[in-house]
Structures are given as C-alpha cells and as structure tokens.
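# Summary of the model geometry
One letter stands for each residue in the lines below.
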There are 2 protein chains.
Amino acid sequence: MTESPVPPPPPMHHDSPIYRRIADRLRDQILSGALDDGDRLPGENALMAEYGIARATARQALAVLINEGLAVPRRGSGVYVRLFRPIRRHGSRRLSREQWGRGRAIWDSDTPGRAYAVDEVDLRREPASTPVSRALRCDDVWVRHRRYSVDGRPVQVATSYFPADIVEGSAITLPDPGPGGVYARLDDLGYPPVHFTEEVRARMPQPRETASLDLPAGTPVIVISRIAFAAGGVPVELNEMALDSASYVLQYDFDA
Amino acid sequence: MTESPVPPPPPMHHDSPIYRRIADRLRDQILSGALDDGDRLPGENALMAEYGIARATARQALAVLINEGLAVPRRGSGVYVRLFRPIRRHGSRRLSREQWGRGRAIWDSDTPGRAYAVDEVDLRREPASTPVSRALRCDDVWVRHRRYSVDGRPVQVATSYFPADIVEGSAITLPDPGPGGVYARLDDLGYPPVHFTEEVRARMPQPRETASLDLPAGTPVIVISRIAFAAGGVPVELNEMALDSASYVLQYDFDA
DNA sequence: GAGTGGTCTAGACCACGAA
DNA sequence: TCGTGGTCTAGACCACTCC
C-alpha cells in the first residue's frame, strides 16, 4: 500500500464515539441474527484494519458487547457470539408437596430430561448472622451450601439455613438428606413446609459468584432469597440462591 | 537461558493483574461499608499516584467496579459509590381483584408513600408479531407502551398487548383507561383477569433500555413477561416489562 | 482555572489456543 | 509457530464540573 505523506484525517462525526459506533454495528448483526450463536466476531486486528483505529479502541468496542453479555472472549482464539439456553424454573409447582412428598428431588421438575448434578456440598453448624437470625428467629443454624450443575455446567449456588434446634440429629445435617430432600426430612420432623416467600433481585455478580458459577463478563446473577414456613408461620428454612441469569427463566403462576 | 542470580521466578501463573487487585480493594471497602452510598472513590489521578500505574490501568480498575454496578462515574466530578433503594413489588397481592376492583392503581401497592408517575404513554393498533400472536392467539392487537417513574426517576418501561377484537372501542385504547386501570376495563368488557403467569429473566440492557431508564453502566434489567387470562383460559393481555434491577425487589408468595 | 472523567493513539510484553 | 486476547505504559486532546 502506498503511504501518502499527507494523511487526510477522516471527518469524524462526534455523534457518538467510534468505539460505540462499532459496537452498535456489531450488536445489530447479533440481534438481527446475521451473526448467530457461537459465530466468531471480527477480532481486534480485524477492527483495527477495517476502521483504521488503534488497538485500545478496537478492544473498547468489543468490551462493550462483552459487558452486555452478548459476546464472550476466548483467549488465543477470538470473540464469539454468546448463547442463551435457559432452564425453566417453575416457582410454585416445583415446591408443591407432591414433589418432595413422593421422594422426588425438586430439580427433577426444573430440568426434565437433562443431566443435573450437585457438584459441591458443604455442611456446618454455626451461630446465625444477624439477617439469618432475624429471618429464622433462632440463634444457631445448620448451613447447607451446594452448587448445582446442568449438562456439566454450573448454573446455581445455594446456601440453606435451618434452625439448629429443629434439625439437629436429622439427615438434614448429612451430605445426602435422603429421598425427597430436606423438605421430606422436615416433614419427618413434624415441620412440613406449607408456605414459601421468595424475594428476587438481579445484579452483577461478586467475584466469588463469578468464580463458582464460571460466569463470563456481562452476565448478571438472579438472587433469590426464599423462606419456607411450617404450620403456624414457623420459619424452617432460609435459602439464599444465586443463579446464572443466562441459564434461567423463572416462572410464577397466581390467581387474581 | 542463563540462570539469573535473582529471586525465584513466579510459579506458573502470576497473581491477579494490578487493576484487578485495586478493584478488589475498593470493592471490599464498598461492601464492608467503609465507603458508603454516595461517597467518592479515589479518582484516576489518585490511583496513579498511589500505585504508580499508568492512567489506563487506573481507569481499568475503576471500570471493573462501574461494570459491576457498584460505582457510578460523574464527568468532571469523580467516581461515586452507588446506592440501592429498591421498590418491593409484590407478585400476587398487587394483582388481586381487590386492587383494581376498587378503582385503585396497581402501583399504589408497589410504592406506598412514594411519588410515582406515568411519564410517557404511547398507543397504537397493529398486527401482532409472531410471539405476540402466539401468546394472545389473535392477529391484531392494541399496544400500550408506557414508562413509570418513582421519585422523579424512571424505573420501568412496559408494553402491553391486548386482543383488538376484545378491547376495540373501550377506554383501554385511550391514554387514560380510567379508575382501576386496564384490568377494571377488561372486567367491564366481560373479561376479568382471573389468572396470571409471569416469566422473569435478567440480562444486561439494550441501548434503548439504557436510554429510557437512564441506567448507569453495570445495571442489569429484570425482564418480566406476564400473560393475564380471563375465565376459560382466554388470554387478554401480554405485558412485557423491563425493570431497573437497582430499583426493584420482586416478592412472590405461594403454598406448598 | 484546575481537576475530573471520556476518548484515542502507538507502542510493548505476555499467556494461551490452534494449526 | 503464529495469531489471539490480556495487561500495561506514556503520552494527547476534549468536555464537563466545581470553585
């Protein structure tokens, strides 16, 4: 290529910065389907050449899409369009007594026909922190922390708290709580859950969550805080969950 | 490769990059409360001086926190700790017949004692798109788009679709649907909603949503897709909502 | 006017993945 | 080995805020 001694500076509109215009173009191609799930985006070098920009600027454009969760970078390989294949989590049906009453795991209702696993289980007994003791109205709790994976990929981490004076000595304090899970054991103990409240939030993950869910940049977590109540309004479980938002759709049904 | 007399080479992988370590320190200060809502973070110049790094690196550190939604940059001023003052949106109670049956707006139940407003209203009749026609089982729809603000800040945009053959000529096709809102009008028309399903997702916003909700970087949206059914399972409304996740906590109650 | 964040250039070395 | 993205430096000019 002939290097002109007088490089004519391209007239740049300052409507929006270059990196943003480039990101907008790429986003359009993704959302319109011109670039499909798993397709490779033009890389940093390609953008530098195509638009005559510095590397940092090309990176900035790609960073926009990455932070929006539309693309994922793969080191030594490229930047790719991200996919969204959610699990449908049915808010009420999954917790109906029929589920755990028959010795079925709640997860069977979430992931029909898919391979799910409990990756990690951590159990301990400890004094309740302030928010936990306020929710469960007790001083000591058993804590069950676990991670769930579907099709080999982590999708949720959950930490459950149980009043120690209720569950002490039961299978709830063991790694495997047995058929029907912890709710069936609470039933055995005379505290079957009859009512639930769920609080749902969304936010960007904290580093610990990013690590345990192996989240790419630009992926929020859905945070669910659920309290299970036995008869008489006695709280028997507080469950704090963090869900990979790219893996989930929550469904709730109710009457007017 | 000559053996250097100098110290042990770093094993395999080095620690986190500088910008990430700095971000981690600042994050700890935010989450621990040492830096509170609205406090000013050390700026780019301060970080450059404190850590002896280049400006781009300092920016990178701050960008981490901004993309996590923990901090907001203000041009010409500084970077500040972000606040979280959510609206509690009660999934079922708010849609109970008692709400709209007595001419009360649904929003009264979400924002007790706070000033809320419908900022923008857009009305049109159009052919249903494929997903809309699948949900509502009809070909033409009336579309109500509006934006809600609380305490002067936009928190939600919503687009409702109604089967045109049901609502044509009713106040649902007018900017102000009257006391009790659109559900009271559906009741008048002989199609009172008796059942709802909500699908809840979270993701990073698209530019249009960022603009209309005035979202800072690092703020996901909660996307809710709700279908209202009249007796006999007749769908009478599809409502697609996008909520500022920093402004909302969703609450759902149900029995086992 | 001084200081802040926003954008951009032009280099550098590194770790990793694929061929 | 070579191209990819990941990190980092050392500058520059700009628009904006605050005083």
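So, how was this worked out
- Residues numbered from 1 in each chain as written.
- Chains lettered and ligands numbered in written order.
- Predicted model: local features only at pLDDT ≥ 70, side-chain atom pairs only at ≥ 80, totals over all residues.
- Heavy atoms only, no water.
- Helix = DSSP H or I, 4+ residues; strand = E, 2+ residues; numbered from the N terminus.
- Buried < 20%, exposed > 50% of the residue type's maximum accessible area, 1.4 Å probe, protein only.
- Contact = heavy atoms within 4.5 Å.
- Buried area = accessible area lost by both parts, 1.4 Å probe.
- Salt bridge = Lys/Arg side-chain N within 4 Å of Asp/Glu carboxyl O.
- Polar contact = N/O pair within 3.5 Å; in protein donor to acceptor, adjacent residues only side chain to side chain.
- Nonpolar A, V, L, I, M, F, W, Y, C, P; charged D, E, K, R; others polar.
- Pairing = 2+ DSSP bridges.
- Patch = residues over 30% accessible without salt bridge, like charges linked within 9 Å, V, L, I, M, F, W, Y side chains within 5 Å.
- Areas by Shrake-Rupley, 256 points an atom, 1.4 Å probe, with all protein chains shown as cover.
- Core = buried A, V, L, I, M, F, W, Y, C linked by side-chain atoms within 4.5 Å.
- Least-squares fit on C-alpha atoms with pLDDT ≥ 70 in both.
- Domains from an automatic or database assignment.
- Phe/Tyr/Trp six-rings, centres within 6.5 Å; stacked < 30°, edge-to-face > 60°.
- Axes fitted to C-alpha atoms, helices over the stretch in contact; angles between N-to-C directions.
- Parallel < 35°, antiparallel > 145°, perpendicular 65-115°, else oblique.
- Left-handed = near helix turned anticlockwise from the far one by under 90°.

### Overview of the side chain of A:Ser170
Among the secondary structure elements, A:Ser170 is positioned in the loop between helix H7 (164-167) and helix H8 (181-188). A relative accessible area of 11% means that A:Ser170 is categorised as buried.

### Regarding the interface of chain A and chain B
Counting residues at the interface gives 39 residues for chain A, matched by 39 residues for chain B. When chain A packs against chain B, close to 3300 Å² is buried across both sides, 60% of that on carbon and sulfur atoms. Contact with chain B buries area across many residues of chain A, yet A:Tyr252, A:Phe254 and A:Ala256 alone supply 21% of it, more than any other trio. Here B:Arg88 and A:Glu199 are joined by a salt bridge, their closest N and O atoms 2.7 Å apart. In this assembly, chain A and chain B are joined by 18 residue pairs in polar contact (both at pLDDT 80 or more). Every element with two or more residues in the side of chain A that touches chain B is listed here: helix H1 (18-31), strand S8 (193-203) and strand S11 (248-255) of chain A. It is S8(A) that provides the largest number of residues to the side of chain A that touches chain B, a total of 11 residues. Its residues placed into classes, the side of chain A that touches chain B shows 19 nonpolar, 10 polar and 10 charged. Where S11(A) and strand S7 (residues 193-203) of chain B come together, six bridges link them in antiparallel fashion.

### Digging into a nonpolar patch on the surface
On the surface, A:Leu189, A:Tyr191 and A:Val234 cluster together into a nonpolar patch covering about 200 Å² of accessible area. With respect to the element layout, A:Val234 can be found in strand S10 (residues 234-244).

### Regarding the nonpolar core
In terms of nonpolar packing, the biggest core is built from 66 residues, with A:Tyr183, A:Leu250, B:Tyr183 and B:Leu250 touching the most fellow members. When residues no more than four places from it in sequence are discounted, the contact partners of A:Leu250 are A:Arg89, A:Val200, A:Ile222, A:Ile224, A:Leu243, B:Glu198, B:Glu199 and B:Val200.

### Describing the sheet that holds strand S1 (residues 40-41) of chain A
Residue and element names in this part refer to chain A. Judged by pairing direction, the sheet is antiparallel, and its three strands sit side by side in the order S1-S3-S2 without closing on themselves. Because the sheet does not close on itself, it has two edges, and the strands there are S1 and strand S2 (71-74). Judged from the four bridges that link them, S2 and strand S3 (residues 78-81) form a sheet pairing that is antiparallel. Across the sheet, the residue bridging to Arg74 is Gly78, located in S3.

### Points about the relation of the copies chain A and chain B
Rotating chain A by 180° and translating it 0.1 Å along the rotation axis places it on chain B, where the RMSD comes to 0.1 Å. In short, the pair behaves as if placed about a two-fold rotation axis. Take the interface residues of chain A: 100% of them recur as interface residues in chain B, which is what a same-surface contact looks like.

### Regarding the domain arrangement of chain A
What the domain assignment lists for chain A is domain 1 (18-81) and domain 2 (87-251). A straight line from the C-alpha centre of domain 1 of chain A to that of domain 2 of chain A covers 37 Å.

### Details of the packing of aromatic side chains
Tallied over the full model, the rule gives seven aromatic pairs over all chains. Each ring, one from A:Phe254 and one from B:Tyr252, has its centre 6.5 Å from the other, and the planes form 40°; the classification is tilted. Remark: B:Tyr252 occurs in strand S10 (residues 248-255) and A:Phe254 occurs in strand S11; the pair is interchain, linking two chains. According to the relative accessible area criterion, A:Phe254 is buried, its value standing at 9%. Exposure remark for B:Tyr252: the relative accessible area of 2% places this residue in the buried category. Here a set of aromatic residues connected by ring pairs shows up, and it is made of A:Tyr183, A:Phe196, A:Tyr252, A:Phe254, B:Tyr183, B:Phe196, B:Tyr252 and B:Phe254.

### Details of the packing of helix H2 (residues 44-51) of chain A against helix H3 (residues 55-67) of chain A
Axes are the key here: two packed helices are described by the angle between their axes and the distance separating the axes. Residue and element names in this part refer to chain A. Contact geometry for H2 and H3: axes closest at 9 Å, N-to-C directions at 115°. What the angle tells us is that H2 and H3 run roughly perpendicular. Crossing of H2 over H3 shows right-handed handedness. Together, Glu44, Leu47 and Met48 of H2 and Arg55, Ala58, Arg59 and Leu62 of H3 make up the contact between the two elements. The residue inventory of the contact of H2 with H3, partitioned by class, reads four nonpolar, no polar and three charged.

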